[in-house]
Amino acid sequence: MSEALIGALGREPGRASALCAGDEAGRADPYGDDLQLALYLCYELHYRGLDGVDDGWEWDPELLRLRGALEARFLDALRADAPVHAGPRAAQEALDALLVEPVHGKGLSFYLKDEGELWQLREYAALRSLYHLKEADPHAWVIPRLTGRAKAGLVAVEYDEFGAGRAERAHQRLYAELMEDLDLDPAYGHYLEAATAPLLATVNLMSVLGLHRALRGGLVGHFAALEITSSPGSRRIAQALERVGAGPAAVGFHAEHVEADAVHEQVVRREVVGGLLADEPGLGDDVAFGVDATVWLEDRFSDAVLSAWGRGASALREPPEAAPEAA
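Starting afresh in each chain, residues are numbered from 1 along the sequence in its written order. The model is predicted, so local features are restricted to residues of pLDDT at least 70 and side-chain atom pairs to those at 80 or more, both for listing and for counting; the totals for chains, interfaces and linings are taken over all residues. Water and hydrogen atoms play no part in the side-chain values, which are based on all heavy atoms of the structure.

Caption draft 1: Structural view of the nonpolar core. The set of buried Ala, Val, Leu, Ile, Met, Phe, Trp, Tyr and Cys residues whose side-chain atoms join them within 4.5 Å is what this entry labels a nonpolar core. For every residue, the accessible area obtained with a 1.4 Å probe (protein chains only) is divided by the maximum for its type, and the residue is called buried under 20%, exposed over 50%, and partly exposed between those limits. Counting residues in hydrophobic clusters, the biggest one holds 100 residues, and the most contacted among them are Leu5 and Phe74. Only heavy atoms matter for contacts: two residues are in contact if any of them lie within 4.5 Å across the pair. What Leu5 contacts, discounting residues up to four positions off in sequence, is Leu19, Ala38, Leu41, Cys42, Leu63 and Leu66.

Set out below in structure tokens:
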């Protein structure tokens, strides 16, 4: 599917009859390379586009038909596989579970804090760049779909994410500086070729939730999950970077998130989630799904990375090269 899509995108829009692949999408591995890459490419047309691809593809009916089939396969699998809270207190219970920090934690950020080497932190940064170089963009899609407290709270958090009016403080820019500090290429999307399906799935989730008004509750849940877990996770990554002697920009990106996201957590819980459910109480299960699907995919990504490193292999398709020398 991804091969057919890439071939079609090299032509003019309106010539995509070969993309009617609903049956093929329905049989595909929902978390596999083919489906996740195809879905990522479809979504990238809504962000900054693809080099050499006509912007008219963004709303091409045949491409949207393929994207819809891919999304249905992905979402159906998540609803079946991710352990989802349900019932009258589903959203509250899902959020409460995020606040429990294990005494003896396991997972990627714990490993990096205690044992991670510089090459592993570089790989982690290269993988995460597919989100962090567009950080906060997917969540902006939900703004016109919210009202009152939920809208005001989400915009307040997004304002900080985009640098509070200072372009040089936008988190996307800070992440590019982190990459430069780690001798990685900071170009937007540079590491897509090297990325793996478990990482693409984490980014595709926020795109599918953001692009569909019907999934606004899920997007708010996803947003809450990121903000609530960001501060402790960022603290561990900052400690790991300090331990291996990384530069101030690399440490600074994660240090920024320790402080900012601790504040954001309260705004998101009380105003964004609380405001949404006050206005639309029927979205509680959707919020819980957004939280639970996020946690499940993040755990899956973490397991895949740690498994590769445990075998002595790279967690990318190929290890990241150094950033190009400045002219």
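Caption draft 2: The arrangement of unusual backbone geometry in detail. Non-glycine residue Ala164 carries a positive phi angle of around 50°. Using a relative accessible area of 33% as the deciding quantity, one classes Ala164 as partly exposed. Although it is not a glycine, Asp183 sits at a positive phi angle of roughly 60°. According to the relative accessible area criterion, Asp183 is partly exposed, its value standing at 38%.

Caption draft 3: Geometry of the packing of aromatic side chains. To pair, rings of Phe, Tyr and Trp, with the six-membered ring standing in for Trp, must have centres within 6.5 Å; the planes then decide the type, stacked if under 30 degrees apart, edge-to-face if over 60, and tilted in the middle. In total, this model carries six aromatic pairs according to the counting rule given. Considering the side-chain rings of Tyr47 and Trp141, the 4.9 Å spacing of their centres and the 45° angle between planes classify their relative orientation as tilted. Note that Tyr47 is positioned in the loop between helix H3 (33-44) and helix H4 (61-81) and Trp141 in the loop between helix H8 (137-140) and helix H9 (148-161), a separation of 94 residues in sequence. By relative accessible area, which is 23% here, Trp141 ends up partly exposed. Taking 5.9 Å as the distance between ring centres and 35° as the angle between the ring planes, the aromatic pair formed by Tyr111 and Trp309 counts as tilted. Here Tyr111, found in helix H6 (residues 108-114), pairs with Trp309, found in helix H14 (residues 284-310); they are 198 residues apart in sequence, far enough to count as distant. Residue Trp309 is classed as buried on the basis of its relative accessible area of 7%. Among the aromatic side chains, those forming a connected cluster through ring pairs are Tyr31, Phe74 and Trp296. Between Arg79 and the ring centre of Phe289, over which it is positioned, the NZ or CZ distance is 5.0 Å. Placement of a positive charge over a ring is assigned whenever Lys NZ or Arg CZ falls within 6 Å of the ring centre and within 35 degrees of the normal to the ring plane. Cation over ring: Arg236 sits above Phe110, and NZ or CZ is 3.8 Å from the ring centre. Comment: elements are numbered from the N terminus, with helices defined as DSSP H or I runs of at least four residues and strands as E runs of at least two.

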